[in-house]
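Spelled out, the chains give:
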Amino acid sequence: MAMGMILSDCSAAGPVPTGCFASLNAGVVKLGNRRFSRSWHITRSGLVPLSVLFDGRELLSPAPVPETEEAVVPRFRVAGSPLTEVGAPALHAFLELDAPGGVISYHFAVTPGVPAVTVERIAPQQTESVRRTGGDEPTGLETDPAAAAETDEAACCEFFRPGCAHLKLRFFRFADQTDRHDNLLQIEELRLSPAEPLSLRGTLFAVEDPLSGQGIILLKFAPLPERRPLPDPVDFEWDTAAFALCSDRYPWAVIGYDGGMTGLTRALHLYQQELRIVKPGRDGLALSNTWGDRNRDQALNEAFMLSEIDIASSLGIDVCQIDDGWQGGVTVNSSKAQEAGGGVWEGYHAADPEFWRVHAGRFPNGLAPLVKRAAERKVGLGLWFSPDSSNDFANWRRDVDTVCRLQREFGVEWIKIDGVKSRTREGEANLRRFFAEAIRRTAGALTFDLDVTAEIRPGYFGMPSCGTLFVENRYTDWHRWWPYATFRNLWQLSQAIPPVRLRFECLNPKRNMDKYRNDPLAPAGYPLDWIFASVMAASPLIWCELSGLSAESRAELGRILPVWRGFRDELHAGVAYPVGPCPDGTTTSGFFTTTADESTCHLILLRDLDAAPEREFELPVRLSEYAVTTVMGEGSVKPAAEKRLRCTLPPRRSYLWLRLSR
């Protein structure tokens, strides 16, 4: 593990933000903000948690006083700097301990705005972990002997002795490699029982006192367990008396929340937006990309892309992105791969030192004409790029030079990242260096879409401050796209991830209609404005050749997009809660968004083949405090209770978009 995996390096340290504090007194480290604080006792083996204080309530039971041992002389300093390179202002605290096996270093960070503390730890390979006492009951894990031989002993991040005997655990089981998986988040509820130990692998866990609704979230900034270069045998462990977050190869955060599942979602969303502040004009934009029509790079040329830019501008799309094929080098996915000897999917620099030059045949005048037209039409320009995975991303500096050149020469600020194979710890570190250096050199102007569709990639929480997550490749050509299914995946993931972090797609619903014959949920049965409304709480992707849209579809998209642009900053300025039942093609479901201060809210409801036109929805705010107006759509609403709204959407496949303001 290395410093700076998530947190900024504080190279440009400044004042500590108001409302944050950190101290070292009598062998106890303490830091926090007005709502949330943590403290640890220093030992020669590391830190022992003493307290987690949330809104004045202690969440841990009194910790035993560690046995007297040889004095430890810690080194401690505090600085002010952004939480990440693109994050909120934060207090950073650095602690170094001389342990028997070498120096143990800690990097803590806390912001004024959310009840959370982030931790990065570096420990010598041979240092024994600080572990809570527990039994030696079997865990039930079956580890392949070869894998076990190359796996280091997983150190314990932290352990907690809870102050309540009736805790429940929410275990967030994510799936990536979405080309194969379509159930992307399942939340399991388990009781932390004094009779049953637990050992779980994952990245996100929440432990809650059901009597108070308060709890703490344990978030590990790691790829999913199946994608890690070194397998970790366990991430969360309960020994019937205490629980632990295990394996300190990756940073982690402990986040306080209240209000049950609703409060948990709020805390997760607001914390992730501290890691990467949502910047209007950069984040949450509507982006078009022609690859969704499966013509790959066959149509790419100057005239075609000039037309795409013109149509994007007429519809109100923010960014027109060129996928694989703008460059001179040929990949395995290119329509020209066979005649080029198969193409490549890594080793780009070895295959062609000029791999990332602009394709001279398709764009004989370079990208300059596209840049000029895009500027005239007030449309941004985006490109596809694949960092070279070969030799553990040994060419990461050259790749940084390439993306920075594209930003500098052509104004390209939205880059879709693909083809990543993060096979080893060194490769993982070099990939992180690529993103960090590119963001630093462009002062945060570059936004990356990190693809989670295949291969070995950072996933949902491995590198959360780099940009958006490109979640799905879905095509009507392969009979794999249904609007309700994309809506469902966004709805489910939004329980843990702010939708603005997620790139979700709208395809041309009129293509390949013959592949969906006699299917009541066929894409062609959905108006394109309904489809857009289902993903507009996220970062929308118009995943098709715009020139292939019918006049009807263009009119539908052109009707909603300009209105959405007028309100999207409000949609992305805080929390987006899923409402209604999980979409399955027969529901009325949607999203309720609030700004961080809850002064402005939006309710987006979409009726599919729901048999009933009228439904009630539980909302997380008091309706009597708001004036309700209709932004778009069909239907009517009336209060049913202080936090319940009765909504009527008369036609099937209709939507209703409301704005609530104080």
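This text follows the structure it describes.
Keep in mind that this is a model prediction, so the values were computed, not measured. (Residues numbered from 1 in each chain as written. Predicted model: local features only at pLDDT ≥ 70, side-chain atom pairs only at ≥ 80, totals over all residues. Heavy atoms only, no water.)

**A look at the packing of aromatic side chains**
Right, on to step 1. Scanning the entire structure with this criterion turns up 30 aromatic pairs.
Right, on to step 2. Ring geometry for phenylalanine 36 and phenylalanine 54: centres 6.2 Å apart, planes at 70 degrees, overall edge-to-face. Taken as a pair, phenylalanine 36 in strand β3 (residues 36-43) and phenylalanine 54 in strand β4 (residues 46-54) lie far apart in primary sequence, 18 residues in all.
Right, on to step 3. Classification of phenylalanine 36 by relative accessible area gives buried; the value is 1%.
Right, on to step 4. An angle of 80 degrees between the planes, with centres 5.6 Å apart, marks the rings of tryptophan 482 and tyrosine 516 as edge-to-face. Taken together, the residues tryptophan 482 in the loop between β24 (467-470) and α9 (483-493) and tyrosine 516 in the loop between β25 (502-506) and α10 (528-535) connect sequence positions 34 residues apart.
Right, on to step 5. In this structure an aromatic cluster arises from ring pairing among Trp326, Trp345, Tyr348, Phe355, Trp356, Trp384, Phe385, Phe434, Phe435 and Phe448.
Right, on to step 6. Its guanidinium or amino end placed over the ring of phenylalanine 470, lysine 416 lies 4.3 Å from that ring's centre, counting from NZ or CZ. (Phe/Tyr/Trp six-rings, centres within 6.5 Å; stacked < 30°, edge-to-face > 60°. Helix = DSSP H or I, 4+ residues; strand = E, 2+ residues; numbered from the N terminus. Buried < 20%, exposed > 50% of the residue type's maximum accessible area, 1.4 Å probe, protein only. Lys NZ or Arg CZ within 6 Å of the ring centre and 35° of its normal.)

**Looking at the nonpolar core**
Right, on to step 1. Counting 146 residues, the largest nonpolar core has Phe174, Phe434 and Phe448 as its most contacted members.
Right, on to step 2. By residue number, the principal contributor to this core is helix α3 (residues 302-315), which donates seven residues.
Right, on to step 3. Not counting the four nearest positions on each side in its chain, phenylalanine 434 is found in contact with Phe385, Pro387, Trp396, Asp399, Val400, Val403, Ile417 and Phe448.
Right, on to step 4. With 41 residues, the next largest nonpolar core counts Val29, Ile42, Leu192 and Leu218 among its residues. (Core = buried A, V, L, I, M, F, W, Y, C linked by side-chain atoms within 4.5 Å. Contact = heavy atoms within 4.5 Å.)

**Structural notes on the sheet that holds β24**
Right, on to step 1. On the basis of which strands lie adjacent, the closed barrel formed by eight strands has the order β19-β20-β21-β22-β23-β24-β25-β26 and parallel pairing. Looking at each pair of strands side by side, their axes are set apart by 30 degrees on average, direction ignored.
Right, on to step 2. Two strands pair when backbone bridges link them, and strand β23 (residues 447-451) and β24 are joined in this way by four bridges, in the parallel orientation. Each residue of the ladder has a partner; that of leucine 450, found in β24, is leucine 469. (Pairing = 2+ DSSP bridges. Axes fitted to C-alpha atoms, helices over the stretch in contact; angles between N-to-C directions.)

**Digging into the environment of tyrosine 348**
Right, on to step 1. Position of tyrosine 348 relative to the elements: it lies in helix α4 (residues 348-351).
Right, on to step 2. Judged by relative accessible area, which is 0%, tyrosine 348 ranks as buried.
Right, on to step 3. Residues tyrosine 348 and proline 387, spaced 39 residues apart in sequence, show a C-alpha to C-alpha distance of 8.6 Å.
Right, on to step 4. A distance of 3.1 Å separates the side chain of tyrosine 348 from the backbone oxygen of tryptophan 345, its partner in a polar contact. (Polar contact = N/O pair within 3.5 Å; in protein donor to acceptor, adjacent residues only side chain to side chain.)

**Topic: the pairing of strand β27 (residues 574-579)**
On any regular strand, side chains alternate: one points to one face of the sheet, the next to the other face.
Right, on to step 1. Counting buried positions over the six residues of β27 gives five, a clear majority of the element.
Right, on to step 2. Two elements, β27 and strand β28 (residues 588-595), share six bridges in a ladder whose sense is antiparallel. The residue of β28 that forms the bridge with glycine 574 is threonine 595.

**So, helix α11 (residues 551-571)**
Right, on to step 1. For α11, which comprises 21 residues, the first-to-last C-alpha distance of 28 Å matches the rise-based estimate of 30 Å (1.5 Å per residue) to within 8%.
Right, on to step 2. At arginine 565, α11 shows its largest kink, close to 50 degrees.
Right, on to step 3. Along α11, the positions that sit buried rather than exposed are Ser553, Glu556, Leu557, Ile560, Leu561, Trp564, Arg568 and Leu571. (Expected span 1.5 Å × (residues − 1). Bend = angle between axes of the 7 residues up to and from the residue.)

**Digging into the pattern of salt bridges**
Right, on to step 1. Evaluation of the coordinates by the stated rule reveals 50 salt bridges.
Right, on to step 2. The residue lysine 220 makes a salt bridge to aspartate 235 at a minimum N-O spacing of 2.7 Å. Here the residue lysine 220 occupies a position in strand β15 (residues 215-220), and aspartate 235 occupies one in the loop between β15 and β16 (236-238), the gap between them amounting to 15 residues.
Right, on to step 3. Salt-bridge contacts for arginine 441 lead to aspartate 401; the nearest nitrogen and oxygen are separated by 2.9 Å. (Salt bridge = Lys/Arg side-chain N within 4 Å of Asp/Glu carboxyl O.)

**Here's the deal with unusual backbone geometry**
Right, on to step 1. Of note in the backbone geometry, glutamine 177 takes a positive phi value of approximately 45 degrees without being a glycine.
Right, on to step 2. In this structure, glutamine 177 sits in the loop between β11 (168-174) and β12 (185-191).
Right, on to step 3. Its identity is not glycine, yet asparagine 512 carries a phi of approximately 55 degrees, on the positive side.
Right, on to step 4. In this fold, asparagine 512 is placed in the loop between β25 and α10.

**Quick look at the sheet that holds strand β2 (residues 28-32)**
Right, on to step 1. Read from one edge of the open sheet, five strands run β1-β2-β3-β4-β5, paired in antiparallel fashion. At either end of the open sheet lies a strand with only one pairing partner, and these are β1 (21-25) and β5 (57-58).
Right, on to step 2. Direction of pairing for β3 relative to β4: antiparallel, over a ladder of eight bridges. What sits directly across from isoleucine 42, in β4, is leucine 47.

**Considering the side chain of threonine 486**
Right, on to step 1. With respect to the helices and strands, the residue threonine 486 is situated in helix α9.
Right, on to step 2. There is a polar contact of 3.2 Å between the side chain of threonine 486 and the side chain of tryptophan 481.
Right, on to step 3. Discounting chain neighbours no more than four positions away, the residues touching threonine 486 are Glu472, Trp481, Phe504, Glu505 and Val535.

**Examining the side chain of serine 51**
Right, on to step 1. Turning to its location among the elements, serine 51 is positioned in strand β4.
Right, on to step 2. Since its relative accessible area comes to 14%, serine 51 is described here as buried.
Right, on to step 3. Here the side chain of serine 51 touches glutamate 58 through a polar contact of 2.5 Å, side chain to side chain.
Right, on to step 4. When residues no more than four places from it in sequence are discounted, the contact partners of serine 51 are Ser37, Arg38, Ser39, Glu58 and Leu60.

**Brief notes about helix α2 (residues 260-275)**
Right, on to step 1. For α2, with 16 residues, the first-to-last C-alpha span of 23 Å sits near the 22 Å given by 1.5 Å per residue.
Right, on to step 2. A large share of α2 lies buried, amounting to 13 of its 16 residues.

**Section: the state of the cysteines**
Right, on to step 1. Applying the stated criterion across every chain, the model contains zero disulfides.
Right, on to step 2. Free of any disulfide, cysteine 246 has its nearest cysteine sulfur in cysteine 156, 5.1 Å distant.
Right, on to step 3. Its sulfur unpaired, cysteine 466 is 13 Å from the next cysteine sulfur, which belongs to cysteine 404. (Disulfide = S-S within 2.5 Å.)

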